[in-house]
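Close look at the chain arrangement
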Amino acid sequence: MQKLTLPDNSKLSKKRFLFGVATSSYQIEGGVHSRLPCIWDTFCKKENTIIDKTNGDIACEHIQRWEQDLDLIASLCVDAYRFSIAWPRVMNKDGSINETGIGFYEALIEGLTERGIKSFVTLYHWDLPQHIEDSGGWLNRNTVFRFAEYANAVASRLGNSVESYATFNEPFCSAFLGYEIGVHAPGKKGVKNGRTAAHHILLAHGYGMKAIRTHTQKAKVGIVVNVTPCYPRSNSNEDEIATTRANEYINHWYIKPLFDGCYPDVFNLLDESERPPIEDGDFAVICQPMDFIGINYYTRLTYSAPLEGDTLYHEHEANPPKTDIGWEVYPQALTDILLELNNAYDLPPVYITENGAAMADKLINNKVDDADRISYFQGHLMAVHNAIESGVDIRGYFAWSLMDNFEWAEGLSKRFGIIYVDYNTQVRTLKNSAIAYRTFISNRAE
Ligand code: FCB
């Protein structure tokens, strides 16, 4: 079986570098009847939203099987588990705490602690309560304050029992995919909507940070952003300009406000009618000092000058080699973007909070020979190693995902897990990548 190998002197080969696995609430929990409805419940019921017409009602039945899942996590010898809390599970409509819901996460965290595993909690991994969406969701400035209430409630209960809190997972996805092009819940469209949602999410991050800090001294607080590094199709001036715009629009839009308290230059290219509503003082709230930043990386994209119908840039189809979800495998871009961010901003310690690949896995004789996924990890761990060698302060790496799960608009059709899930029986089987990951992690030096 293929192995994961890194240079002996690599920071990643030492026990001080943290390794983990990641999941999110809607993607694994199921247990739809023990929480309030969320925007993904509604979205999945609409026509032409989810490729295989599945939904997260049952998913991996993690709500019932969590103790067994914790044993599986422990069996991987990881240092940490990153998961998200479902807002509609822990908060009642009137803003009070749902005791059963918060109790679930308290028990989960206790179970992790007993097994010597650190908890990396995300407060918002896309499952907005539907009743809040019914009042406008992220287009309504009031949602910012509902989020701060929720963050306050959770931190008041979990306090320092977790290693870290991330306010949001991937604001780009919620704002752009969910409110600008409508391929994710709640399926709204329009540039103004996307920019408005993004602004409110960033503002909610700021107020959320403040709320969490009132209950924590030890726990680290920050955010998780996704990056899709942008490369020009040619070295023509036009293609390079378009690529810079794309990079600002899809990446820096969600990062620059956090550190510099303003939007990137591409903001000025938007028509006044497409700009988000910004109030005095918003940026001061958004750019709270953070203890860490989480970076999620899967792939890169290439760009050229806008064609007819494009406004800022033309985005190209992914190049081969591609994973099962159609994303190009290009580890160098992870090193490149980490260096770019490190040069552009005064970054706090960095965690790679998601990285992984969907592959066409086959369970044969109780084994999954996912050599392609092992190669993907190998390439990307080396990319992280190279970024550290070039001076980026990276402290940990989380494989996406612990197990196969509900992959949003792709439903159950795409498998990102290092553990295989048979959705008929809910039996979990370690893929070869999980075994390679475990072997690498347990062989690290002191
Ligand atoms: C990220 C999401 C995560 C998962 C991976 C494949 O954008 O954060 O939930 O779907 O992509």
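Residues numbered from 1 in each chain as written. Predicted model: local features only at pLDDT ≥ 70, side-chain atom pairs only at ≥ 80, totals over all residues. Heavy atoms only, no water.

Here the focus is the environment of F19. For F19, the position within the fold is in strand β1 (residues 18-22). Taking the C-alpha atoms as reference, F19 lies 9.3 Å from Y437; in sequence the two are 418 residues apart. Every residue in contact with F19, bar those within four places of it in the chain, is listed here: L12, V78, D79, A80, L381, Y397, Y437, F440, I441 and R444. (Helix = DSSP H or I, 4+ residues; strand = E, 2+ residues; numbered from the N terminus. Contact = heavy atoms within 4.5 Å.)

In this section: the sheet that holds strand β11 (residues 394-400). Judged by pairing direction, the barrel is parallel, and its eight strands sit side by side in the order β1-β2-β3-β4-β5-β7-β10-β11 before closing back on the first. Each strand of the sheet is rotated relative to its neighbour by a mean of 25°, with strand direction disregarded. Two strands pair when backbone bridges link them, and β1 and β11 are joined in this way by five bridges, in the parallel orientation. Counterpart to G20 in the pairing with β11 is F398. (Pairing = 2+ DSSP bridges. Axes fitted to C-alpha atoms, helices over the stretch in contact; angles between N-to-C directions.)

What follows is about the nonpolar core. Formed by 133 residues in total, the largest nonpolar core has its most connected members in W40 and W138. Listed in part, the 17 residues of the second largest apolar core include F120, F292, M359 and Y376. (Core = buried A, V, L, I, M, F, W, Y, C linked by side-chain atoms within 4.5 Å. Buried < 20%, exposed > 50% of the residue type's maximum accessible area, 1.4 Å probe, protein only.)

Note that H131 resides in helix α6 (residues 130-133). Not counting residues up to four positions away in its chain, the partners in contact with H131 are L36, K93 and R146.

Our focus in this paragraph is the sheet that holds strand β9 (residues 314-315). Taken in spatial order, the three strands line up as β6-β8-β9 in an open sheet, and their pairing is mixed. The strands lining the two open edges of the sheet, one partner per strand, are β6 (230-232) and β9. Judged from the two bridges that link them, strand β8 (residues 301-304) and β9 form a sheet pairing that is antiparallel. The residue bridging S304 from the neighbouring strand is H314, located in β9. Seen against the sheet, helix α10 (residues 237-250) touches β6 and β8 and runs at an angle of roughly 170° to β6.

We now examine the site of the ligand. The ligand sits among Q27, H125, W126, N169, E170, Y298, E354, W400, E407, W408 and F416. The contact in question runs from an oxygen atom of the ligand to an N or O atom on the side chain of E170, over 2.5 Å. Expressed as a share of its isolated accessible area of 300 Å², the protein-covered part of the ligand is 95%. Of the residues in the shell around the ligand, the class split is five nonpolar, three polar and three charged. (Near = heavy atom within 4 Å. Polar contact = N/O pair within 3.5 Å; in protein donor to acceptor, adjacent residues only side chain to side chain. Areas by Shrake-Rupley, 256 points an atom, 1.4 Å probe, with all protein chains shown as cover. Nonpolar A, V, L, I, M, F, W, Y, C, P; charged D, E, K, R; others polar.)

Moving on to the pattern of salt bridges. For the structure shown, the criterion picks out 26 salt bridges. Close ionic contact of D282 with R141 constitutes a salt bridge, the shortest N to O distance being 2.9 Å. One end of the pair, D282, is in helix α12 (residues 282-286); the other, R141, is in the loop between α6 and α7 (142-158), and 141 residues separate them in sequence. You can call D282 buried: its relative accessible area is 2%. When salt bridges that share partners are traced, they join D361, D370, R373, D404, R415 and K431 into one network. (Salt bridge = Lys/Arg side-chain N within 4 Å of Asp/Glu carboxyl O.)

At a closest axis distance of 8 Å, the pairing of α7 and helix α9 (residues 191-213) adopts a crossing angle of 30°. Between α7 and α9, the crossing angle belongs to the class labelled roughly parallel. The interaxial crossing formed by α7 with α9 has right-handed handedness. Where α7 approaches α9, its residues V144, F145, F147, A148, A151, N152 and A155 are matched on the opposing element by H200, L203, A204, Y207, G208, A211 and I212. Taken together, the residues of the contact of α7 with α9 sort by class into eleven nonpolar, three polar and no charged. (Parallel < 35°, antiparallel > 145°, perpendicular 65-115°, else oblique. Left-handed = near helix turned anticlockwise from the far one by under 90°.)

This part covers the pairing of β11. By the criterion of burial, β11 is predominantly enclosed, with six of the seven residues buried. As paired elements, strand β10 (residues 350-354) and β11 share three bridges and run parallel to each other. Bridged to Y351 within β11 is G396. For the crossover from β10 across helix α14 (residues 371-389) to β11, the handedness is right-handed. (Right-handed = clockwise from strand over helix to strand, strands pointing away.)

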